[in-house]
Structure formats: structure tokens, C-alpha cells
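Letter by letter, the chains look like this.
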Amino acid sequence: MNESEIGRNYKDGEIICREGDEARSMYVIRSGKVDIIKNSSAGELKLTTLGKGDIFGEMSFFDHMPRSATARAVGETVILSIDKKGFFAKAANDPSIAFNILEGMSRRIRSLNDELARYKKDSGLIY
Amino acid sequence: MKSEYTLNDNARIAVIGGGPSGSLFSIFALKMAKMIDRKINITVFESKDFTRDGPVGCNRCGGVISEHLIQALSIEGINIPTEVIQRSINSYVLHTQRGDVFIESPAAEKRIATVYRGGGPKGIRIKEKQSFDGFLLNCAVEEGASHSPLRIDGIRNGDKPVLTSGGNDVMEADLVVGAFGVNSSTWKMFEGLGIGYKLPETTSAFITELEMGFESVSSTFGSSIHFFLVPEPGNVKFAALIPKGNYVTLCILGKDIDEKTVRGLLHTPAARMLLPQDVLDGKFCKCFPKLPLTTAQVGFADRIVIIGDAGSSRLFKDGIGASYMMSKAAATAALFYGISKQNFAEHYLPAYNRTRNDNRYGRFVYAVTNAYKNIGILTEAMVNVVNKEQDRRNKEFPRLSSMLWDTFTGNETYRNIFLRGTNIGMHKNLLLESAKALFRRSS
Ligand SMILES: Cc1cc2nc3c(=O)[nH]c(=O)nc-3n(C[C@H](O)[C@H](O)[C@H](O)COP(=O)(O)OP(=O)(O)OC[C@H]3O[C@@H](n4cnc5c(N)ncnc54)[C@H](O)[C@@H]3O)c2cc1C
């Protein structure tokens, strides 16, 4: 890893966090790409690919549930982890620290809504 | 509800100083304004050119960006690019009179960065990296702020404050943000306003840059900052060698630091092991920047708020992290509540006082650290306990290591460090190791 890169280096295919695991951190992508994958009875399903600056793993921070998906590095990737306790300690004094995360989550819900609408239309559930 | 102390559309904000607190205030105020669909105009007055090398382009400091600040900025969407980072850090080495201890980041990850605030040491030959302060100022400009290179030399307080430069009125502002630090004479203007403002008490520190070459810095320092907790020279409180690109920054905190003190420190066995002979014997540049020891009296008034070092900062550590917290608190107060003295008292003062109160714990933490630095038996006990904790086979929570880590990195509030220090088990270990050290001495 470059002397001036902060975070942790992940090799291509390396797992950053696994579906079902307990969550102690969320993550910011410093460089590279990350696939978000869900395991289903039909096999592995890629939900999305995230890139530089994206934040992931934040859902478990807020809903206190295990990881909802697996995150896997695509190529050489550098990830900065954010501690759960530190984040909430900061948020207790300054809730606005979560604004950027909320923005990201809203964008994601919006695109999920679009996808859901497309899916329902394609499968004939709505007309 | 509209009041004369609300930032309405097209309100004009003057930020005096484009160091970390001025730029961060501008970034957050503009982001918050967008959230509530308000159009505000911010001008950052900063006369330094952060691309220039040497003190003229630099807000002199150790340049360590703390773990907690790196995380906070990343969450906020401000990712410090590698072009700004000189070295990434994952460990500290403590040099004491009774040996050295290596303390690794509890996260086992490089989450601390070293940077240059300006264009680097005077005469730097290869300028591959950018300035940290320049990066933040650019972020503010990208967010919508204007940067003016004027130096503000007067403020008139009428209905609204008016700023002057070179004898000319340059701006009538709805809000003036004082982000001028403690290393200029700008505080006099604010003291002269009759709002009760008084600059924090300060002390001088010492900084020099030692050129070693990139490879040599990499092989000797790796990803570690070296901290000196040594009783001699007696006027040194603590000192650190901070690896940068081709250089290592030596930063000393203490009283009346002169060339003799610096040479004394450089010739301690630990420093001699780290630094090549020509660096030890060579000439070095010197600068003596000030840092605040207390918080300012009355950091706000109607249409005026003072942030960063000039207001309320953390004792000896993480001043840039404190600038982040104060600038956000001030931006939140101004944008969401208002710009009257009352608004700042209700929504800015709590953050201001939090830092001030935490520094009280800080003074205690440093007094204890000082005792462990100076009293040989305690030093030996501390070194032994930390070395045992750092042994990977040891599965116990490394309490003392984590306390030292948090004290030196500024990663935790001093209050939390203090509370962690009340653990009986840790004191039992320290007592046991002190007794062993005493026994070894007497036999
Ligand atoms: C020896 C030393 C080591 C330190 N090491 C660290 C460290 O490793 N990590 C850390 O986090 N903190 C460190 N600090 C603390 C850190 O430097 C400060 O907390 C931080 O710089 C405060 O930021 P600021 O924006 O409030 O003030 P400053 O950084 O001082 O910026 C003030 C700015 O205002 C400008 N200005 C002033 N007056 C005017 C005017 N009239 N018109 C226009 N512009 C004006 C100045 O040019 C300057 O750019 C250290 C401090 C010292 C002294």
C-alpha cells in the first residue's frame, strides 16, 4: 500500500464484511470498487457496485441488525473503516454528522424505488 | 420567524482566516444553507498563499490529522486525497528513559495522516504534494465560497460590522467569523471591538524540519510517529518526530526551547538511533508557533462568532479536530438558529464549553503522564505493562496502551481517557510492575 494512503488495502475478491456478521464498522471507499452481494437460494446476487467516496455498511449501524449483504473488493481497493462507538459519540453532540449518510441512503432508496417499479411493471404486477 | 439576526437570502458572511477553522466553517455553512434552500454569500479572507514553501505559506504545526478527524471528515464526504497526505500512520513509538514501547492502532489500520499545512519546508526541492490548508480552502471555494487574498486590518462595529483592508472598506457583513488563530495580531481588532473578547493564553512551541530523504524516512520510521517522554532536557514537556515525505518534522512542546534544548533532545540515545549523523550535526530551520492553553473569553456577540484556536481548542492535541467541531457548531447555530449573541449562547456556547471542560481532564491526564515521564520506577512499570499488552498472545483488553494511544493521538476526549484510567485492574498491574522495578533496583 502507498505510504500516503490511509485505510486498509483489500485484494481483488477479498471480503470486506460478510452478510449475517455483527457490525462494528461502516466503510468509506478511498479507491477502487466494491461489489455488494446478497446470497439467496438461487445463488449469489450482485445488488450494486460502489466506487470512490461511497459509504457502505451503515445500515447495521442504525437498525442494529447483522450485515444485510456481503461487500467484496473488485480489484485493488482501499477502504477506511469508521468505528461505531466513535460515530455515535460524535452524533450525540452533533447529529448533523449523519446528514451526508442520510443523503446517500435517500439516493439509494430512490434508485431502489425506481428498480422496484421497473420490476413490478416487467413482471406484470402493475399496469 | 424572521428577525434582524437571521441569515436571509443573499446574506453576506465574512470569514477572517482561511486556516482549517475558517474553511471548515465555510464548507459546512454552505452545505447547511443548501439544505434549507437559502442562498448565502461567504468570503474567506486569507492572505497566505498555501502553495508557497516555508513559513510564509504555512500555518505552522506538527501536521498530524487525527484518527477521529479523518473518520469524521470522511463521513461528511470530505476525503483527504493522497496528493495531500505525506505519510499514513498506524502506530506510535514511545521513547522513555527506561526503554521504548511500540503501540499499534487498536483498529490495525492506517487512520492517521501527516500533512504539510502549506507548501512544505523552506527550500523544499521536490513538491509532489499539496497543502492541507490549501485543500480545505479549495473545498470551501468548490462549495461556493469566494476567496479574497486581502488581509483584514480593521473592523468597525455599527448596525452591521464593516471590514477594512489597507484603509479601505471592503465589506459590510451580516456575520463576521473570526477564524484568525493565535499566530497573528488580528486578535487585537476583536479585543478592540468592546464585545468582551480576550485572546486565549498561549505558549510557544518549536518546530523544525529534518531532511532525510524518502527511502531513509520510510525505512527508519515506517508508519510510526515517535514520541519522546524523556526527563531530559528538563524544559521539554514532550517532543515528537513526525515522518513526512523526504523530511521528519520535529515538534517540541515545553518552556524556553532554544538551540541547546533541541541539540540536547537530538542527542538522546533514542533520537541518535533514528537520525543520521549529518542530520544530527547539521543546521536546522526554526519556528516558534503559538498554541492556546485556555479558551478565549466571550467568543461571540451579535453578528460575530470566533472559532478555532482563537476561540476554544483542545489542550496540546488535535487542534484541527477541535477546529472542525467548533466550526460546525458555529455554522449550525448561524444557519439553523440565528446570529444574535443569544443564538450563539444557546447553540454555540455548549460546544465551546465542552472543549473547555474537557481540557480540565486533559490537564490532569498530562500531570499523570508527566509523573510517568519523570519518575524512573513509574516509567519502567508503564513500559512493562504496555509491552505485555502489545504482545499479541495477550488476549486481555490493552487498557493502558489504548489510554496512551488516545492521549497521544487525540482520538478520545480527555474525560473518557480519565474515566478509563480509573480501572482498578490496570492500577494493580502498574503497582505490581513498580514493585518489581523497585526490587530490581534494590537488589
Ligand atoms: C507546534 C504545534 C504543533 C501542532 N500540531 C498539531 C497537529 O499535529 N495536529 C493538529 O490537529 N493540530 C496541531 N496544532 C494545532 C493547530 O495548528 C491549530 O489548532 C489549527 O491550526 C487551528 O486552526 P485555525 O484555523 O483556528 O487557525 P490557524 O491555522 O492559525 O489559521 C488562521 C488563519 O487566519 C489567517 N489570518 C489571520 N489574521 C488574518 C487577517 N487579519 N486577514 C486575513 N487572514 C488572516 C492566517 O493567515 C491563517 O491562515 C499544533 C500547533 C502547534 C503550535
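Numbering of residues starts from 1 in each chain and follows the order in which that chain's sequence is written. Lettering of chains starts at A and numbering of ligands starts at 1, both following the order in which they are written. The predicted origin of the model limits local features to residues at a pLDDT of at least 70 and limits the giving and counting of side-chain atom pairs to 80 or more, whereas totals for whole chains, interfaces and linings rest on all residues. Where side-chain values are given, they derive from all heavy atoms of the structure, hydrogens and water being excluded.

(A) A look at the site of the ligand. Residue and element names in this part refer to chain B. One heavy atom within 4 Å of a molecule or strand makes the whole residue count as near it. By nearness alone, 35 residues border the ligand, and Ser21, Glu46, Ile152, Thr186 and Asp309 come closest of all. Between the ligand and Ser21, the relevant distance is 2.7 Å, taken from an oxygen atom to a side-chain nitrogen or oxygen of the residue. Two N or O atoms count as a polar contact when they lie within 3.5 Å, although within protein this holds only if one can serve as hydrogen donor and the other as acceptor, and sequence-adjacent residues are included solely when both atoms are side-chain atoms. Ser323 is positioned such that a nitrogen or oxygen atom in its side chain is 3.5 Å from an oxygen atom of the ligand. Per-residue and other accessible areas follow the Shrake-Rupley method at a 1.4 Å probe size, with only the shown protein chains counted as cover for residues. Here the ligand has 1000 Å² of accessible area as a free molecule, and 93% of this is covered by the chains. Here a strand is any run of E in DSSP of at least two residues, a helix any run of H or I of at least four, and the numbering for each starts at the N terminus. Those elements that place two or more of their residues in the shell around the ligand are helix H1 (20-35), strand S13 (202-211), strand S17 (290-292) and helix H9 (319-337). The biggest single contributor to the shell around the ligand is H9, with 3 residues. Note on residue categories: nonpolar means Ala, Val, Leu, Ile, Met, Phe, Trp, Tyr, Cys or Pro, charged means Asp, Glu, Lys or Arg, and polar means any other residue, Gly included. Among the residues forming the shell around the ligand, the class breakdown is 16 nonpolar, 12 polar and 7 charged. Counting the residues that make up the shell around the ligand, at least three belong to each of domain 1 (3-63 + 129-200 + 293-359) and domain 2 (202-291). Domain segmentation is taken from an automatic or database assignment of domains.

(B) Geometry of the nonpolar core. Residues and elements named next belong to chain B. The definition of a nonpolar core used throughout is a set of buried Ala, Val, Leu, Ile, Met, Phe, Trp, Tyr and Cys residues joined through side-chain atoms within 4.5 Å. We call a residue buried when its accessible area falls under 20% of the maximum for its residue type, exposed when it is over 50%, and partly exposed in between, using a 1.4 Å probe and counting protein chains only. Of all hydrophobic cores here, the largest spans 90 residues; its most connected members are Phe25, Ile42, Leu175, Phe190 and Tyr348. With 9 residues, H9 is the largest single contributor of residues to this core. Should any heavy atoms of two residues lie within 4.5 Å, those residues are considered in contact. In this structure Phe25 touches Ile13, Val15, Ile42, Leu175, Val177, Ile307, Ser327, Ala330 and Ala331, once residues within four positions along its chain are discounted. Ranked by size, the runner-up nonpolar core spans 37 residues in total, among them Ala240, Val385, Ile417 and Met426.

(C) Fine view of a negative patch on the surface. Residues and elements named next belong to chain B. By definition, no residue in a patch forms a salt bridge, and every one has over 30% relative accessible area; like charges are joined within 9 Å, nonpolar side chains (Val, Leu, Ile, Met, Phe, Trp, Tyr) within 5 Å. By convention in these notes, a salt bridge is any Lys or Arg side-chain nitrogen within 4 Å of a carboxyl oxygen on Asp or Glu. Counted charges follow a simple rule, with Lys and Arg positive, Asp and Glu negative, and His plus the chain ends left uncounted. To locate a charge, take atom NZ for lysine, CZ for arginine, CG for aspartate or CD for glutamate. A surface patch of like charges, here negative, comprises Glu4, Asp159, Glu172 and Asp302. For Glu4, the location among the structural elements is in the segment before strand S1 (11-16). On the accessibility criterion, Glu4 (58% relative accessible area) is exposed.

(D) Quick look at the packing of aromatic side chains. Note on aromatic pairs: the rings of Phe, Tyr and Trp (six-membered ring only in Trp) are paired at centre separations within 6.5 Å, and the planes decide the class, stacked below 30 degrees, edge-to-face beyond 60, tilted for the rest. Overall, the coordinates contain 26 aromatic pairs over all chains when judged by the stated rule. Taken together, a centroid distance of 6.0 Å and an interplanar angle of 85° make the contact between Phe62(A) and Phe87(A) edge-to-face. Remark: Phe87(A) occurs in helix H2 (residues 84-93) and Phe62(A) occurs in helix H1 (residues 59-63); sequence separation between them is 25 residues. We classify Phe62(A) as partly exposed; its relative accessible area is 34%. Seen from their ring centres, Tyr366(B) and Tyr414(B) are 5.5 Å apart, and the 70° between their planes marks the pair as edge-to-face. Note that Tyr366(B) is positioned in helix H11 (residues 349-374) and Tyr414(B) in helix H14 (residues 414-420), a separation of 48 residues in sequence.

(E) Region of interest: the domain arrangement of chain B. Residue and element names in this part refer to chain B. Under the domain assignment, chain B is made up of domain 1 (3-63 + 129-200 + 293-359), domain 2 (202-291) and domain 3 (363-442). Computed from C-alpha coordinates alone, the two centres of domain 2 and domain 3 are separated by 24 Å. With 7 residues of domain 2 at the contact, the number on the domain 3 side is 6 residues. It is Phe227, Leu229 and Pro231 in domain 2 that bury the most area against domain 3; as a group they hold 66% of the surface buried on that side. Note: buried area is the sum, over both parts, of the accessible area (probe 1.4 Å) each one loses when the two are combined.

(F) Spotlight on unusual backbone geometry. Residue and element names in this part refer to chain B. Going from Glu232 to Pro233, the amide bond is cis rather than trans, its omega being -10°. Inspection of the secondary structure puts Pro233 in the loop between strand S14 (224-229) and strand S15 (236-243). Phi is positive for Ala108, which is not a glycine, with a value near 50°. Turning to its location among the elements, Ala108 is positioned in the loop between strand S6 (99-104) and strand S7 (112-115). The backbone of Asp318 sits at a positive phi, close to 50°, despite the residue not being glycine. Locating Asp318 in the fold gives a position in the loop between strand S19 (304-306) and H9. Looking at Asp318, the relative accessible area reads 11%, which means it is buried.

(G) Representation of the domain arrangement of chain A within the structure. All names here are of chain A. Entries for chain A in the domain assignment read domain 1 (5-82) and domain 2 (94-127). One C-alpha centre belongs to domain 1, the other to domain 2; they are set 19 Å apart. Contacts between the two partners involve 5 residues from domain 1 and, on the opposite side, 4 residues from domain 2. Summing the contributions of domain 1 and of domain 2, the shared interface buries around 510 Å²; its carbon and sulfur component is 68%. It is Ile55, Glu58 and Phe62 in domain 1 that bury the most area against domain 2; as a group they hold 69% of the surface buried on that side. The interface formed by domain 1 and domain 2 contains 1 salt bridge.

(H) Spatial organisation of helix H3 (residues 99-122) of chain A. With 24 residues, H3(A) extends 34 Å from end C-alpha to end C-alpha; this agrees with the ideal 34 Å at 1.5 Å per step. The complete set of buried residues in H3(A) reads Ile101(A), Gly104(A) and Met105(A). Tucked inside the fold, the buried residues of H3(A) contact strand S3 (25-40), strand S5 (55-56), H1 and H2 of chain A together with helix H2 (67-75) of chain B. Directly after H3(A), the chain includes Gly124(A), whose backbone phi takes a positive value near 75°. Expected span of a helix: the number of residues minus one, times 1.5 Å.

(I) View of the sheet that holds S6(B). Residue and element names in this part refer to chain B. One requirement defines pairing of two strands: DSSP has to find at least two bridges between them. With respect to topology, 7 strands assemble into an open sheet ordered S6-S5-S14-S15-S16-S13-S17, the strand pairing being mixed. The two strands at the open ends of the sheet, each matched to only one other strand, are S6 and S17. Strand after strand, the sheet turns through a mean of 25° between neighbouring axes, direction not considered. Two elements, S14 and S15, share 3 bridges in a ladder whose sense is antiparallel. Counted as the bridge partner of His226 is Leu241 from S15. In this description, a line fitted to the C-alpha atoms serves as the axis of each element, helices being fitted only across the stretch in contact, and the angle between N-to-C directions of two axes falls anywhere from 0 to 180 degrees.

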